[in-house]
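# A structural walkthrough
The primary structure of each chain is shown beneath.
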Protein chains: 2
Amino acid sequence: MEIKNIRPGDIEKKSFEIIADELKKRNITLIPGTEPIVMRCIHTSADFDYAESLYFSDGVIDRAIEALRSGADIVTDTQMAMAGISKKTLARFGGQVHCFMADEDVAEEAKRRGVTRAVVSMEKASKLEKPLIFAIGNAPTALIRTAELYEQGKIRPEAVIGVPVGFVNVVASKEKIMQTGVPCIVARGRKGGSNIAACICNALLYTASGRKLT
Amino acid sequence: MEIKNIRPGDIEKKSFEIIADELKKRNITLIPGTEPIVMRCIHTSADFDYAESLYFSDGVIDRAIEALRSGADIVTDTQMAMAGISKKTLARFGGQVHCFMADEDVAEEAKRRGVTRAVVSMEKASKLEKPLIFAIGNAPTALIRTAELYEQGKIRPEAVIGVPVGFVNVVASKEKIMQTGVPCIVARGRKGGSNIAACICNALLYTASGRKLT
């Protein structure tokens, strides 16, 4: 296969054109309004499964965008997602990203209680006194604890991005969060990841900024 | 689906057991020696495509492990991969991770020359005077430039992990690196990503440390 000559600034645009073409060929029509998110997930993973696995609760995209524009913070369960989220765009609106996974107090408490650091990280996040978006890309235990905290009335997130990946309790954790009624975006099934969590945040941030690719 | 009660320390082990079971059910036998890498890619992505898409040049795993044990550094093209690589394990052997993508001089030179920052980052990495492993999880332009630098005799990496993801020049960049004859691990096709780049590095690091999951 030949290497095409393409200007750096055009690579992303061209990628989105190819994705749109392939969705058409596959006879997949995305739910209006979800395109920037679904297409960015495909762009990040080259995996068209996301065209069909992503679930959006009613009104979640508008609500998340409004929250970001009003300066909401993002809480995530991995350093990788934190590294991938566009912190510059978020900061322009007044928000920041939190990841408590590497905090010493979190590690100590998790060990003492015999739970994952992800569980304790979400509890720590529940103490933040700002509008929050939870973006969970790794640990199903973080998503389960988020669902519980919501059910107990301890958090009222603007949105939960529930995209942990893997084989143990991942599918169940996603079912649980969808059942709570919290505004959420979920990659149903086993797939997801910190890259997907970051790219959904970025799709929301870019849309909030008025940047358009689709 | 019910949430299973499982001790935090057992989650990863259980995940690898499920992956091994499913590989068996799919009648997939992995190339001996590649299991820790292939299975960790599946663990990170929940995508069994990696069981068939990963290419390993002859002897690359032993060479990469030996290099890591001897203190080789890792060069990557994304902050996310840098965040995901186990820097603690790497540091125990004397190595560190470099990512030049956010460097101001890189951004300026890329703009001036009309190339991607990824290209300039790889050129900057070629000046490092240590044994190196290149782990490219995002930009095909980084992988293409790495192949060129190798062909020009400007770098002699211990191994190249070539797993960019996407739709423009991604497949071609992987074909190019495999043709150079450099020791390499490549996810053929469009799939890959910074999560895959990080997890291949970690699989090598864990194997180098004697930690076993498979």
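To start, this report covers the structure provided alongside it. If you're wondering where the values come from, they're calculated on a predicted model, not measured in any experiment. (Residues numbered from 1 in each chain as written. Chains lettered and ligands numbered in written order. Predicted model: local features only at pLDDT ≥ 70, side-chain atom pairs only at ≥ 80, totals over all residues. Heavy atoms only, no water.)

## So, the overall build of chain A
Scanning chain A from terminus to terminus reveals 11 helices and 6 strands. Relative to the globule expectation of 17 Å for 214 residues, the C-alpha radius of gyration of chain A, 17 Å, shows essentially globular dimensions. Taking all 214 residues of chain A together, the buried fraction comes to 58%. Residue pairs in contact within chain A that sit at least 24 positions apart in sequence constitute 64% of those at least 6 positions apart. (Helix = DSSP H or I, 4+ residues; strand = E, 2+ residues; numbered from the N terminus. Rg over C-alpha atoms; globule rule 2.2 N^0.38 Å. Buried < 20%, exposed > 50% of the residue type's maximum accessible area, 1.4 Å probe, protein only. Contact = heavy atoms within 4.5 Å.)

## A few points about empty space enclosed by the protein
Under the criterion given, the structure shown has 1 cavity of 30 Å³ or more. Reported here for the largest cavity is a volume of approximately 120 Å³. In terms of lining residues, the largest cavity is bounded by 14 residues, among which Ser45 and Asn195 of chain A together with Ser45, Asp47 and Asn195 of chain B are the most central. Of all the secondary structure elements, the ones that give two or more residues to the lining of the largest cavity are α11 (194-208) of chain A together with α11 (194-209) of chain B. Taken together, the residues that form the lining of the largest cavity break down as 4 nonpolar, 6 polar and 4 charged. (1 Å grid on protein atoms, 1.4 Å probe; cavity = no way out; pocket = protein on both sides within 12 Å on 5 of 7 lines; lining within 4 Å. Points joined across faces, edges and corners; volume = space filled by probe spheres on them. Nonpolar A, V, L, I, M, F, W, Y, C, P; charged D, E, K, R; others polar.)

## A word on the nonpolar core
By size, the foremost hydrophobic cluster in this structure holds 100 residues, and its most contacted members are Ile200 and Leu204 of chain A together with Ile200 and Leu204 of chain B. With residues up to four places along the chain from it excluded, the contact list for leucine 204 of chain B reads Ile37, Ile61, Ala64, Ile65, Leu68, Ile161 and Ile185 of chain B. (Core = buried A, V, L, I, M, F, W, Y, C linked by side-chain atoms within 4.5 Å.)

## Description of the environment of glutamate 123 of chain A
All names here are of chain A. You can see glutamate 123 is positioned in helix α8 (residues 117-125). A residue is classified by how much of its surface remains accessible, and glutamate 123, at 11% relative accessible area, is buried. Sequence separation between glutamate 123 and phenylalanine 100 is 23 residues, and the spatial gap between their C-alpha atoms is 9.9 Å. Of the polar contacts made by the side chain of glutamate 123, one reaches the side chain of arginine 145; its length is 2.6 Å. (Polar contact = N/O pair within 3.5 Å; in protein donor to acceptor, adjacent residues only side chain to side chain.)

## Details of the relation of the copies chain A and chain B
When chain A is brought onto chain B, the operation consists of a screw motion whose angular component is 180° and whose axial shift is 0.0 Å, with 0.0 Å RMSD remaining. When the rotation and shift are considered jointly, the pair of chain copies conforms to a two-fold rotation axis. Residues of chain A ranked by C-alpha distance from the rotation axis are headed by methionine 80 of chain A, positioned 2.4 Å from it. Taken together, the interface assignments show that 100% of the residues at the interface of chain A recur at the interface of chain B, consistent with an identical surface on both copies. (Least-squares fit on C-alpha atoms with pLDDT ≥ 70 in both.)

## Points about the pattern of salt bridges
According to the stated counting rule, one finds 36 salt bridges over all chains in the structure shown. Put simply, glutamate 12 of chain B and arginine 211 of chain B hold a salt bridge, and the shortest N to O gap is 2.4 Å. A residue pair is termed long-range when its members are at least 10 positions apart, and glutamate 12 of chain B in helix α1 (residues 11-25) and arginine 211 of chain B in the segment after α11 qualify at 199 residues. Put simply, arginine 63 of chain B and glutamate 158 of chain B hold a salt bridge, and the shortest N to O gap is 3.4 Å. Of this pair, arginine 63 of chain B sits in helix α4 (residues 60-69) while glutamate 158 of chain B is found in the loop between α9 (140-151) and β5 (159-162), placing the two residues 95 residues apart along the sequence. Counted as one network, the salt bridges with shared partners bring together Asp47, Asp49 and Lys191 of chain A together with Asp47, Asp49 and Lys191 of chain B. (Salt bridge = Lys/Arg side-chain N within 4 Å of Asp/Glu carboxyl O.)

## Notes on the sheet that holds β5 of chain B
Residue and element names in this part refer to chain B. In space, the 6 strands of this open sheet follow the order β1-β6-β5-β4-β2-β3, with mixed pairing throughout. The open sheet terminates on both sides in strands that have one partner only, identified here as β1 (54-56) and β3 (97-98). Inspection of the sheet shows β1 paired to strand β6 (residues 184-187) by 3 bridges, in the antiparallel sense. The residue of β6 that forms the bridge with leucine 54 is alanine 187. On top of the sheet, α9 reaches β4 (132-136) and β5; it is set at about 150° to β4, its chief contact. (Pairing = 2+ DSSP bridges. Axes fitted to C-alpha atoms, helices over the stretch in contact; angles between N-to-C directions.)

## Considerations on the interface of chain A and chain B
Taken residue by residue, the interface counts 43 residues in chain A and 43 residues in chain B. Taken together, both faces of the contact between chain A and chain B bury some 3300 Å²; the carbon and sulfur share is 70%. The three residues of chain A that bury the most area against chain B are Met80, Phe167 and Val168 of chain A, which together make up 21% of that side's buried surface. Along the contact surface separating chain A from chain B lie 4 salt bridges. (Buried area = accessible area lost by both parts, 1.4 Å probe.)

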